[in-house]
Amino acid sequence: MSNYILEFEAPLREIEDKIDSMKSTGIKTGMDVTEAVQKLEEQLTNEKKILYENLSRWERVQLARHPKRPYSSDYISRITDYWFELHGDRYFSDDPAMICGIAVIDNLKLMIISQEKGRGTKSKLFRNFGMARPEGYRKALRLMKLAEKYKIPVLTLIDTPGAYPGLGAEERGQAEAIARNLFEMSKLRVPIINIVIGEGASGGALGIGVGDKMLCFENTWYSVISPEGCATILFRDASRAPEAADSMMVTAKDLKYFGIADTILPEPLGGTHQDYNQSADTLKNAILDSFLELNKIDPDKRIENRIEKYDKMGKWSDG
Amino acid sequence: MAEWFRRKSEKIKTLDKREIAEGMWLKCPQCQEVVYRKMLEENHFICTNCTHHFRITSDNYIQLLMDDGKFEEIAANVQSVDPLNFKATKNYTDQIKTAQEKTGNKDAVKTLIGNINGIKAVLAIMDFSFIGGSMGSVVGEKISQAIDRAAKDHLPLVIITASGGARMQEGAYSLMQMAKISSKLARYSDLGGLYITVITDPTTGGTTASFAMLGDIILAEPNALIGFAGARVIKQTIGEELPEGFQRSEFLLEKGFIDHIVGRKELKTTLSDLFSFFNFGASEKEELSEVDDNE
């Protein structure tokens, strides 16, 4: 299957098809098509460059949700030298939408808290499409407190379409679980890095998203509500999501401009799914650099900086 | 703007936000009884027939709680600047202006310091009538300054919530207000501060998922709608009817997320009693002398 499956990627798909048919013609007829194929491949490279360097916000949202995009587990298996998953919130159950565990990356010990969407129908259902329940947030908190006890820094990987809006989730205190994490994460005595690898939808993302540094892959979105949700409410029309993405300014670049994200992580041309290993390398290096910097700061100072960082967020006038 | 609070389900009644209409006579949205406005006012907008708590404004709460209605406002001049230059069916700037004219307030929260039964406290009171009590940069900054003041003067803090959640016209900025307020509360708590939440109808979304659920003591008015996700979304997700009384104060009390349901008439005494119990304010001396008497 082609890697170019999104609507706006149709021109690339066409060139790819031409290359394929040219090649099969070559095989069938014995004609030398090398030059023609080469020309088309050059055209593809150029088209890709033009297309991906001028993406609209809505197109980036689609890349953030791309079904082939690497998920947390894809990164964890590539970047860690040691990984041991830890399960359960000790109150109610284990939430497979949240993958947590201890890890070592290049001699750096870490607690990884991550959201996992699942690939394929069975896995997606098991992972609840990356929509965590209160148990997920409580498991995350339990393990962040464990990390704090042993002075192990915390890495969170954010990729969720939102916290799960179910009956049981409400009954077991979805709001309380998220609120408690915001409260506890803001004063956790170890460094915390938050990295958006796909979608960062609202409270569901923020529930594991408080920390010292926030990094976003280039083609990710992070906002208070999904573009569709915003369009439904404010434009009264879900199909106006592209406009809503622009109005809310939801991309990594926007977040950097707002002063909410610290760093944008570059992606292979066309998205992280075009090259899993290259994307994992980018992630790994960013993690190592960020913790190296944060580990130098005294814990009290680090917490004070963290609170001050959030205190500056927002825009208002003083009269 | 308030469309997302309005439930389509027959089972879950959502009251019109302007339920305290003009005129001499008002109809109670719960028991449908027509009540004389003046009597309702004297009864703190609690239905004289069925005890339904009408939604009231921050000014009403000030009259209800503050000694002699007196207070000093905190961060009085902070107001919105439309950081995203947001345009939808209505422009955000116009929306703010209309809300300011309608309510006479700068934004969806009033922050202040004053006495409750002789005990000094810091209060943040949200107003659902101001763009659905939504939380943007201004709400975040005002509450943040209020918390700082409570921390500095070692005063108890009360936040009365009434909010549909984050204000999406401010995009990610509005989301980050949840983190901003929660982190300030964490610091205040570590300094020994006492934080009491009073949840009123309705409190949902990001407001519930941050400071509403972080009180050392969480109080709620009777029958207030309190939740994270909207009832309509949940119904779509699970594909079945929601139980009676779902996401109401009594439901949350039963599930263990609220300490006590307190009627509006008992709110002032409840707050000052709690302040005293946790050693804030005037009664510290009295307690000591009581101990002396016993000895």
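Scroll up a little and you will see the structure.
Residues numbered from 1 in each chain as written. Chains lettered and ligands numbered in written order. Predicted model: local features only at pLDDT ≥ 70, side-chain atom pairs only at ≥ 80, totals over all residues. Heavy atoms only, no water.

## Thoughts on helix α10 (residues 227-235) of chain A
Spacing of three or four residues puts side chains on the same side of an α-helix, whose turn is 3.6 residues. Residues and elements named next belong to chain A. Across the 9 residues that make up α10, a large majority, 7, are buried. The set of residues buried in α10 consists of Pro227, Gly229, Cys230, Ala231, Ile233, Leu234 and Phe235. Lining the buried residues of α10 we find α3 (57-64), β7 (221-223) and α11 (241-248). Once α10 finishes, Arg236 follows within two positions and takes phi at roughly 55 degrees, a positive value. (Buried < 20%, exposed > 50% of the residue type's maximum accessible area, 1.4 Å probe, protein only. Helix = DSSP H or I, 4+ residues; strand = E, 2+ residues; numbered from the N terminus. Contact = heavy atoms within 4.5 Å.)

## Let's talk about the interface of chain A and chain B
Taken together, the 51 residues of chain A in the interface contact 57 residues of chain B. Between chain A and chain B, the buried area comes to about 4800 Å², and carbon and sulfur atoms account for 71% of it. On the chain A side of the interface with chain B, the three residues burying the most area are A:Glu170, A:Leu234 and A:Trp316, jointly 13% of the side's total. We note a salt bridge from B:Arg187 to A:Glu308, for which the minimum N-O separation is 3.6 Å. Linking chain A with chain B are 15 residue pairs in polar contact (both at pLDDT 80 or more). Ranked by the residues each element gives to the side of chain A that touches chain B, the list is headed by helix α8 (residues 174-185) of chain A, at 8 residues. In terms of residue class, the side of chain A that touches chain B is made up of 27 nonpolar, 11 polar and 13 charged. (Buried area = accessible area lost by both parts, 1.4 Å probe. Salt bridge = Lys/Arg side-chain N within 4 Å of Asp/Glu carboxyl O. Polar contact = N/O pair within 3.5 Å; in protein donor to acceptor, adjacent residues only side chain to side chain. Nonpolar A, V, L, I, M, F, W, Y, C, P; charged D, E, K, R; others polar.)

## A word on the packing of aromatic side chains
Applying the stated criterion across every chain yields a total of 6 aromatic pairs over all chains. Judged by centre distance (6.0 Å) and plane angle (50 degrees), the rings of A:Tyr257 and A:Phe258 are tilted. Accessibility expressed as a relative area gives 63% for A:Tyr257, which makes it exposed. Residues B:Phe246 and B:Phe251 carry aromatic rings whose centres are separated by 5.2 Å and whose planes lie at 75 degrees to one another, so their mutual orientation is edge-to-face. Like B:Phe246, the residue B:Phe251 is buried in the burial classification. Each member of the aromatic cluster is reached from another via a ring pair, and the members are A:Tyr257, A:Phe258 and B:Tyr173. The lysine or arginine in question, A:Arg133, covers the ring of A:Tyr164, its NZ or CZ lying 4.5 Å from the ring centre. In this arrangement the basic side chain of A:Arg180 is found over the ring face of A:Phe183, its NZ or CZ atom lying 5.6 Å from the centre. (Phe/Tyr/Trp six-rings, centres within 6.5 Å; stacked < 30°, edge-to-face > 60°. Lys NZ or Arg CZ within 6 Å of the ring centre and 35° of its normal.)

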